[in-house]
2 protein chains.
Amino acid sequence: MAETVAPGRVLPHPDREEIRLETVLHALSDPVRLRIVRELSTAADELSCSRFDLPVTKSTTTHHFRVLRESGVIRQTYRGTAKMSGLRRDDLDELFPGLLDALLAAAAGQHARLGEEA
Amino acid sequence: MAETVAPGRVLPHPDREEIRLETVLHALSDPVRLRIVRELSTAADELSCSRFDLPVTKSTTTHHFRVLRESGVIRQTYRGTAKMSGLRRDDLDELFPGLLDALLAAAAGQHARLGEEA
DNA sequence: CTCGTAGTACGAGGGATGTCAAACTACGAT
DNA sequence: ATCGTAGTTTGACATCCCTCGTACTACGAG
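The rules behind the values
Residues numbered from 1 in each chain as written. Chains lettered and ligands numbered in written order. Predicted model: local features only at pLDDT ≥ 70, side-chain atom pairs only at ≥ 80, totals over all residues. Heavy atoms only, no water. Helix = DSSP H or I, 4+ residues; strand = E, 2+ residues; numbered from the N terminus. Rg over C-alpha atoms; globule rule 2.2 N^0.38 Å. Buried < 20%, exposed > 50% of the residue type's maximum accessible area, 1.4 Å probe, protein only. Contact = heavy atoms within 4.5 Å. Areas by Shrake-Rupley, 256 points an atom, 1.4 Å probe, with all protein chains shown as cover. Lys, Arg positive; Asp, Glu negative; His and termini not counted. Charge placed at Lys NZ, Arg CZ, Asp CG, Glu CD. Pairing = 2+ DSSP bridges. Axes fitted to C-alpha atoms, helices over the stretch in contact; angles between N-to-C directions. Salt bridge = Lys/Arg side-chain N within 4 Å of Asp/Glu carboxyl O.

S.K.: Talk me through the overall build of chain A; I want residue IDs and the actual numbers.
M.R.: Helix and strand content of chain A: five helices and three strands. Taken from the N to the C terminus, the helices and strands of chain A come in the order α-α-β-α-β-β-α-α. For 118 residues, the compact-globule estimate of 2.2 N^0.38 gives 13 Å, and the C-alpha radius of gyration of chain A, at 14 Å, lies within 12% of that figure. Dimensions of chain A along its principal axes, counting C-alpha atoms only, are 50 × 30 × 25 Å. When burial is assessed residue by residue, chain A has 44% of its 118 residues classed as buried. In chain A, once contacts between residues fewer than 6 apart in sequence are set aside, the share between residues at least 24 apart is 63%. For chain A, the accessible surface area stands at approximately 6,400 Å², while carbon and sulfur atoms represent 52% of it. Seen as two clouds, the 16 positive and the 18 negative side-chain charges of chain A have centres 5 Å apart.

Okay, structure coming up:
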(Lines give C-alpha, C1' and ligand atoms only; values in the text may rest on other atoms or scores of the structure.)
Protein backbone atom coordinates (compact mmCIF):
# COMPACT_ATOMS: atom_id res chain seq x y z
CA MET A 1 0.00 0.00 0.00
CA ALA A 2 1.19 3.52 0.28
CA GLU A 3 2.58 4.74 -2.97
CA THR A 4 6.20 4.75 -3.94
CA VAL A 5 6.59 7.68 -1.58
CA ALA A 6 5.58 8.48 1.98
CA PRO A 7 6.97 6.19 4.65
CA GLY A 8 6.66 6.71 8.36
CA ARG A 9 9.69 8.89 8.66
CA VAL A 10 9.31 12.53 7.86
CA LEU A 11 12.07 14.99 7.10
CA PRO A 12 11.73 18.64 8.11
CA HIS A 13 12.19 21.13 5.29
CA PRO A 14 12.08 24.90 5.57
CA ASP A 15 9.21 26.57 3.74
CA ARG A 16 10.22 28.58 0.73
CA GLU A 17 9.75 31.87 2.55
CA GLU A 18 11.99 30.68 5.32
CA ILE A 19 14.98 30.09 3.10
CA ARG A 20 17.69 32.65 3.82
CA LEU A 21 20.40 33.65 1.45
CA GLU A 22 23.13 33.63 4.09
CA THR A 23 22.21 30.09 5.06
CA VAL A 24 22.22 28.92 1.46
CA LEU A 25 25.62 30.48 0.88
CA HIS A 26 26.98 28.90 4.00
CA ALA A 27 25.66 25.52 2.91
CA LEU A 28 27.40 25.87 -0.44
CA SER A 29 30.67 27.13 1.01
CA ASP A 30 31.75 23.62 1.93
CA PRO A 31 33.60 21.70 -0.80
CA VAL A 32 31.85 18.43 -0.08
CA ARG A 33 28.42 20.00 -0.18
CA LEU A 34 29.18 22.03 -3.28
CA ARG A 35 30.21 18.80 -4.95
CA ILE A 36 26.97 17.11 -3.94
CA VAL A 37 24.98 19.98 -5.38
CA ARG A 38 26.94 19.88 -8.61
CA GLU A 39 26.26 16.19 -9.01
CA LEU A 40 22.59 16.68 -8.24
CA SER A 41 22.34 19.38 -10.85
CA THR A 42 23.58 17.08 -13.60
CA ALA A 43 21.25 14.25 -12.63
CA ALA A 44 17.95 13.86 -14.42
CA ASP A 45 15.99 13.15 -11.26
CA GLU A 46 16.61 12.46 -7.61
CA LEU A 47 19.54 10.48 -6.34
CA SER A 48 20.03 8.38 -3.26
CA CYS A 49 22.77 9.37 -0.85
CA SER A 50 24.69 6.19 -1.53
CA ARG A 51 25.10 7.11 -5.18
CA PHE A 52 27.72 9.64 -4.21
CA ASP A 53 31.34 8.76 -3.86
CA LEU A 54 32.42 11.24 -1.23
CA PRO A 55 35.74 11.43 0.61
CA VAL A 56 34.08 11.28 4.03
CA THR A 57 32.41 8.70 6.22
CA LYS A 58 28.73 7.81 6.28
CA SER A 59 27.95 9.92 9.33
CA THR A 60 29.64 12.95 7.84
CA THR A 61 27.67 12.39 4.66
CA THR A 62 24.45 12.36 6.65
CA HIS A 63 25.52 15.62 8.26
CA HIS A 64 26.18 17.34 4.94
CA PHE A 65 22.90 16.24 3.43
CA ARG A 66 21.09 17.53 6.47
CA VAL A 67 22.78 20.92 6.22
CA LEU A 68 21.75 21.12 2.58
CA ARG A 69 18.18 20.16 3.38
CA GLU A 70 17.81 22.46 6.35
CA SER A 71 19.20 25.37 4.38
CA GLY A 72 16.60 24.78 1.68
CA VAL A 73 18.97 23.78 -1.09
CA ILE A 74 17.75 20.22 -1.50
CA ARG A 75 14.58 18.27 -0.91
CA GLN A 76 14.74 14.77 0.52
CA THR A 77 12.26 11.92 0.74
CA TYR A 78 12.51 8.33 1.79
CA ARG A 79 11.86 5.58 -0.68
CA GLY A 80 12.25 2.26 1.04
CA THR A 81 15.60 2.25 2.73
CA ALA A 82 16.99 4.78 0.32
CA LYS A 83 16.81 8.51 0.86
CA MET A 84 16.34 10.41 -2.37
CA SER A 85 17.70 13.92 -2.80
CA GLY A 86 16.99 16.57 -5.39
CA LEU A 87 17.67 20.26 -5.81
CA ARG A 88 14.88 22.67 -4.88
CA ARG A 89 15.20 24.44 -8.20
CA ASP A 90 11.66 25.75 -8.24
CA ASP A 91 11.84 27.39 -4.84
CA LEU A 92 15.34 28.73 -5.28
CA ASP A 93 14.58 30.17 -8.70
CA GLU A 94 11.48 31.83 -7.39
CA LEU A 95 13.29 33.27 -4.38
CA PHE A 96 16.63 34.14 -5.97
CA PRO A 97 16.22 34.35 -9.75
CA GLY A 98 19.31 33.31 -11.64
CA LEU A 99 21.33 32.59 -8.54
CA LEU A 100 21.38 28.82 -8.71
CA ASP A 101 22.37 28.80 -12.35
CA ALA A 102 25.12 31.33 -11.75
CA LEU A 103 26.40 29.31 -8.83
CA LEU A 104 26.39 26.06 -10.76
CA ALA A 105 28.12 27.71 -13.69
CA ALA A 106 30.70 29.21 -11.36
CA ALA A 107 31.32 25.85 -9.74
CA ALA A 108 31.61 24.13 -13.10
CA GLY A 109 33.94 26.80 -14.37
CA GLN A 110 36.20 26.55 -11.38
CA HIS A 111 36.22 22.78 -11.64
CA ALA A 112 37.25 22.95 -15.28
CA ARG A 113 39.84 25.60 -14.51
CA LEU A 114 41.46 23.84 -11.59
CA GLY A 115 41.31 20.31 -12.93
CA GLU A 116 40.28 17.22 -11.09
CA GLU A 117 41.71 18.04 -7.72
CA ALA A 118 38.72 19.49 -5.98
CA MET B 1 55.27 63.04 -3.70
CA ALA B 2 53.55 59.78 -4.06
CA GLU B 3 50.17 60.21 -5.61
CA THR B 4 46.91 60.17 -3.74
CA VAL B 5 47.47 56.46 -3.32
CA ALA B 6 50.31 54.28 -2.08
CA PRO B 7 51.41 54.76 1.50
CA GLY B 8 53.86 52.61 3.35
CA ARG B 9 51.36 50.01 4.41
CA VAL B 10 50.49 47.33 1.93
CA LEU B 11 47.50 45.02 2.01
CA PRO B 12 47.73 41.47 0.68
CA HIS B 13 45.15 40.55 -1.95
CA PRO B 14 44.71 37.19 -3.64
CA ASP B 15 45.40 37.12 -7.36
CA ARG B 16 42.38 36.61 -9.52
CA GLU B 17 43.27 33.00 -10.24
CA GLU B 18 43.57 32.30 -6.56
CA ILE B 19 40.00 33.30 -5.76
CA ARG B 20 37.97 30.26 -4.83
CA LEU B 21 34.22 30.00 -5.05
CA GLU B 22 33.87 28.25 -1.71
CA THR B 23 35.81 31.00 0.01
CA VAL B 24 33.75 33.72 -1.64
CA LEU B 25 30.53 32.02 -0.60
CA HIS B 26 31.79 31.63 2.92
CA ALA B 27 32.72 35.30 3.03
CA LEU B 28 29.23 36.27 1.91
CA SER B 29 27.45 33.90 4.28
CA ASP B 30 27.87 36.29 7.19
CA PRO B 31 25.09 38.89 7.57
CA VAL B 32 27.47 41.70 8.44
CA ARG B 33 29.71 41.02 5.47
CA LEU B 34 26.79 40.59 3.09
CA ARG B 35 25.54 43.96 4.25
CA ILE B 36 28.93 45.55 3.61
CA VAL B 37 28.99 44.13 0.11
CA ARG B 38 25.49 45.36 -0.59
CA GLU B 39 26.42 48.86 0.47
CA LEU B 40 29.56 48.78 -1.59
CA SER B 41 27.60 47.71 -4.65
CA THR B 42 25.36 50.74 -4.46
CA ALA B 43 28.23 53.18 -4.02
CA ALA B 44 29.63 54.95 -7.02
CA ASP B 45 33.24 54.46 -6.01
CA GLU B 46 35.20 53.23 -3.04
CA LEU B 47 34.16 53.81 0.53
CA SER B 48 36.13 54.09 3.73
CA CYS B 49 35.41 51.61 6.48
CA SER B 50 34.07 54.31 8.77
CA ARG B 51 31.29 55.14 6.34
CA PHE B 52 29.53 52.00 7.39
CA ASP B 53 27.16 51.93 10.32
CA LEU B 54 27.60 48.37 11.47
CA PRO B 55 26.23 46.74 14.63
CA VAL B 56 29.66 45.56 15.74
CA THR B 57 32.76 47.09 17.26
CA LYS B 58 35.72 48.50 15.37
CA SER B 59 37.86 45.41 15.78
CA THR B 60 35.11 43.17 14.50
CA THR B 61 34.69 45.49 11.54
CA THR B 62 38.38 45.19 10.78
CA HIS B 63 38.02 41.42 10.92
CA HIS B 64 35.11 41.34 8.48
CA PHE B 65 36.82 43.62 5.98
CA ARG B 66 39.88 41.41 6.08
CA VAL B 67 37.83 38.30 5.42
CA LEU B 68 36.25 40.01 2.43
CA ARG B 69 39.61 41.15 1.12
CA GLU B 70 41.37 37.82 1.62
CA SER B 71 38.52 35.99 -0.07
CA GLY B 72 38.88 38.23 -3.11
CA VAL B 73 35.52 39.96 -2.83
CA ILE B 74 36.83 43.46 -2.19
CA ARG B 75 39.96 45.46 -2.90
CA GLN B 76 41.38 47.80 -0.26
CA THR B 77 43.89 50.61 -0.33
CA TYR B 78 45.02 53.19 2.14
CA ARG B 79 44.44 56.85 1.50
CA GLY B 80 45.80 58.85 4.36
CA THR B 81 44.32 57.46 7.52
CA ALA B 82 41.30 56.10 5.72
CA LYS B 83 41.12 52.64 4.20
CA MET B 84 39.11 52.59 1.02
CA SER B 85 37.19 49.52 -0.05
CA GLY B 86 35.60 48.58 -3.34
CA LEU B 87 34.14 45.47 -4.91
CA ARG B 88 36.40 43.46 -7.24
CA ARG B 89 33.73 43.44 -9.91
CA ASP B 90 36.13 42.99 -12.80
CA ASP B 91 37.85 39.93 -11.36
CA LEU B 92 34.69 38.34 -10.04
CA ASP B 93 32.82 38.85 -13.31
CA GLU B 94 35.69 37.37 -15.25
CA LEU B 95 35.96 34.38 -12.94
CA PHE B 96 32.29 33.75 -12.23
CA PRO B 97 30.17 35.44 -14.89
CA GLY B 98 26.84 36.65 -13.61
CA LEU B 99 27.41 35.44 -10.11
CA LEU B 100 27.95 38.76 -8.38
CA ASP B 101 24.91 40.32 -9.98
CA ALA B 102 22.77 37.34 -9.08
CA LEU B 103 24.02 37.46 -5.52
CA LEU B 104 23.40 41.18 -5.17
CA ALA B 105 19.95 40.82 -6.67
CA ALA B 106 19.20 37.96 -4.31
CA ALA B 107 20.38 39.98 -1.32
CA ALA B 108 18.36 42.99 -2.40
CA GLY B 109 15.31 40.84 -2.98
CA GLN B 110 15.55 39.24 0.42
CA HIS B 111 16.07 42.60 2.05
CA ALA B 112 12.95 43.96 0.38
CA ARG B 113 10.99 40.86 1.25
CA LEU B 114 11.96 40.71 4.90
CA GLY B 115 11.89 44.39 5.66
CA GLU B 116 14.42 46.41 7.54
CA GLU B 117 15.33 43.88 10.18
CA ALA B 118 18.42 42.34 8.71
C1' DC C 1 12.33 -14.36 11.42
C1' DT C 2 16.89 -13.26 10.21
C1' DC C 3 20.10 -10.94 7.83
C1' DG C 4 22.16 -7.27 5.09
C1' DT C 5 22.02 -2.65 3.49
C1' DA C 6 20.98 2.38 3.94
C1' DG C 7 21.04 5.75 6.75
C1' DT C 8 20.70 8.04 11.79
C1' DA C 9 22.00 9.47 16.51
C1' DC C 10 25.20 10.55 19.78
C1' DG C 11 29.03 11.98 21.58
C1' DA C 12 33.77 13.74 21.22
C1' DG C 13 37.85 15.94 19.37
C1' DG C 14 40.11 19.69 17.01
C1' DG C 15 39.98 23.61 14.43
C1' DA C 16 37.79 27.75 12.63
C1' DT C 17 34.74 31.78 13.51
C1' DG C 18 32.43 35.97 15.44
C1' DT C 19 32.64 38.83 19.05
C1' DC C 20 34.66 42.00 22.27
C1' DA C 21 37.96 45.04 25.14
C1' DA C 22 42.21 47.17 25.66
C1' DA C 23 46.44 48.73 24.10
C1' DC C 24 48.61 50.13 20.00
C1' DT C 25 50.11 52.41 15.27
C1' DA C 26 49.56 55.65 11.35
C1' DC C 27 48.37 59.74 9.52
C1' DG C 28 46.57 64.60 9.23
C1' DA C 29 45.49 68.94 11.48
C1' DT C 30 46.39 72.45 14.61
C1' DA D 1 55.04 68.78 19.07
C1' DT D 2 50.50 67.52 20.31
C1' DC D 3 46.14 65.80 19.63
C1' DG D 4 42.37 63.37 17.52
C1' DT D 5 40.66 60.19 14.23
C1' DA D 6 40.93 55.80 11.66
C1' DG D 7 42.09 51.56 11.83
C1' DT D 8 45.11 47.40 13.79
C1' DT D 9 46.73 43.96 16.87
C1' DT D 10 46.49 40.82 20.44
C1' DG D 11 44.38 37.88 23.38
C1' DA D 12 40.43 35.94 25.22
C1' DC D 13 35.99 33.60 25.12
C1' DA D 14 31.98 31.21 23.48
C1' DT D 15 30.22 29.12 19.77
C1' DC D 16 29.90 26.72 15.73
C1' DC D 17 31.55 23.43 12.29
C1' DC D 18 33.70 19.25 10.08
C1' DT D 19 35.13 15.03 11.08
C1' DC D 20 35.06 10.57 13.01
C1' DG D 21 33.74 5.97 15.44
C1' DT D 22 30.39 3.35 17.50
C1' DA D 23 25.96 2.00 18.45
C1' DC D 24 21.51 2.28 16.72
C1' DT D 25 17.00 2.16 13.68
C1' DA D 26 14.32 1.26 9.36
C1' DC D 27 13.31 -1.25 5.58
C1' DG D 28 13.50 -5.09 2.04
C1' DA D 29 14.97 -9.80 0.67
C1' DG D 30 15.43 -14.46 1.52
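S.K.: Hey, could you go over the sheet that holds strand 1 (residues 47–48) of chain B for me, with residue numbers and the actual values?
M.R.: Residue and element names in this part refer to chain B. If you walk across this open sheet you meet the three strands as 1-3-2, and the pairing is antiparallel. Both edges of this open sheet fall to strand 1 and strand 2 (74–79), since each of them pairs with a single strand only. Where helix 3 (residues 58–71) meets the sheet, its contacts fall on strand 2 and strand 3 (82–87), and the angle it forms with strand 2 comes to roughly 120 degrees.

S.K.: Residue-level account of the pattern of salt bridges, with values.
M.R.: Summed over all chains, the structure comprises 14 salt bridges over all chains. Of the charged contacts in the structure, one is a salt bridge between D91 of chain B and R88 of chain B, with a shortest N-O distance of 2.9 Å. Comparing D91 of chain B with R88 of chain B, the two get one shared label, buried. Linked by salt bridges that have partners in common, R16, R75, R88, D90 and D91 of chain A make up one network.

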